[in-house]
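Coordinate inspection notes
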Amino acid sequence: PVLIAELSMGREARANVFDTFRKLCYASPAGRVGIMVWSVAGAMCVTAGFLVFSYYSVVAGWTLEYTFEAGMDNMSRDGAAQFAADFAAFIASPVRPTVWLVVFVAVTTLVVILGVQRGIERGSKLMMPLLFILLVLLAGCSLSLPGSMKGVEFLFKPDFSKISPTVCLEAMGQAFFSLSITGSGMIVYGSYLASDVDIPSASIRTAFFDTLAALLS
């Protein structure tokens, strides 16, 4: 329901997140009194996106480092201890993580400059199916390892005695984070949706494939 609401808000306003809240609030006579409050809500969404990017850009830089190392055939290590030592040495370096961070930010900036259709949409059509294929291959490799069925049982045979209000709250936070809702992403995507797109159906498909990818992970 939140995903449907955010896509609908974006398509109705056809604006950035900040202006979306302002436009929808101003359009409602009952909401004009609180227009400043809802403007703050829009600003919070933009701030949340910035904070998430500041975290993801660092982790994505790590990923680029590992991609480079794999391409150079430097991923043959003697056990988990060596992998851990290599990673510790990498993040302790003041140069290498910074270089990969700058590379990732530059690539991201280029994609954004190209726009939603020529940049983000074109990149997503290539990278998302590729990511899904990699997940399937990794899941297959994982299932071939000794003791893998214990992991499958742990995942699909829940212990309901451990479900508490805190666990439910963390699960809800994970769902919101995974679907990119209560931030700025889905409102922005909604602003580019054509008027003939069935938003509830699109939302259901998005939630389904998001959950499927999460289970594979």
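Below, the structure is looked at part by part. (Residues numbered from 1 in each chain as written. Predicted model: local features only at pLDDT ≥ 70, side-chain atom pairs only at ≥ 80, totals over all residues. Heavy atoms only, no water.)

**Here's the deal with the nonpolar core**
The condition is simple: Buried residues of nine kinds, namely Ala, Val, Leu, Ile, Met, Phe, Trp, Tyr and Cys, make up a nonpolar core once their side-chain atoms join them within 4.5 Å. With a 1.4 Å probe rolled over the protein chains alone, any residue whose accessible area is under 20% of its type maximum counts as buried; one over 50% counts as exposed, and the rest are partly exposed. Contacts were defined at the residue level, with two residues in contact if any of their heavy atoms lie within 4.5 Å.
Of all hydrophobic cores here, the largest spans six residues; its members are Leu3, Leu7, Leu179, Ile181, Met186 and Ile199. Beyond its immediate stretch of four places on either side in the chain, leucine 179 contacts Leu3, Met186, Thr206, Ala207 and Asp210. Counting residues in each nonpolar core, the second largest holds five residues, with Val17, Phe21, Ala41 and Cys45 among its members.

**Description of unusual backbone geometry**
In plain terms, the rule: In this text, helices come from DSSP runs of H or I with a minimum length of four residues, and strands from runs of E with a minimum of two, each type numbered from the N-terminal end.
The phi dihedral of aspartate 73 is positive, around 60 degrees, even though this residue is not glycine. Structurally, aspartate 73 is set in the loop between helix H3 (35-71) and helix H4 (80-92). Phi at serine 180 is positive, roughly 60 degrees, even though this residue is not glycine. By the element assignment, serine 180 lies in the loop between helix H8 (165-179) and helix H9 (185-191). Residue serine 180 is classed as partly exposed on the basis of its relative accessible area of 36%.

**Observations concerning the pattern of salt bridges**
Where we set the bar: Here a salt bridge means any side-chain nitrogen of Lys or Arg lying within 4 Å of a carboxyl oxygen belonging to Asp or Glu.
Applying the stated criterion to the full structure yields three salt bridges. Note that lysine 125 and glutamate 121 form a salt bridge whose closest N and O atoms lie 3.4 Å from each other. Residue lysine 125 and its partner glutamate 121 are located together in helix H6 (residues 115-143), separated by four residues, close to a single helical turn. Relative accessible area serves as the criterion here: at 33%, glutamate 121 is assigned to the partly exposed category.

**With respect to a nonpolar patch on the surface**
Just so we agree on the cut-off: Surface patches are defined over residues having more than 30% relative accessible area and no salt bridge, joining like charges when they lie within 9 Å and nonpolar side chains (Val, Leu, Ile, Met, Phe, Trp, Tyr) when within 5 Å. Note on areas: these come from Shrake-Rupley sampling with a 1.4 Å probe, and a residue is covered only by the protein chains present in the view.
The grouping of Val52, Tyr55, Tyr56 and Phe177 at the surface amounts to a nonpolar patch, some 400 Å² of accessible area in total. If you trace the backbone, tyrosine 55 turns up in helix H3.

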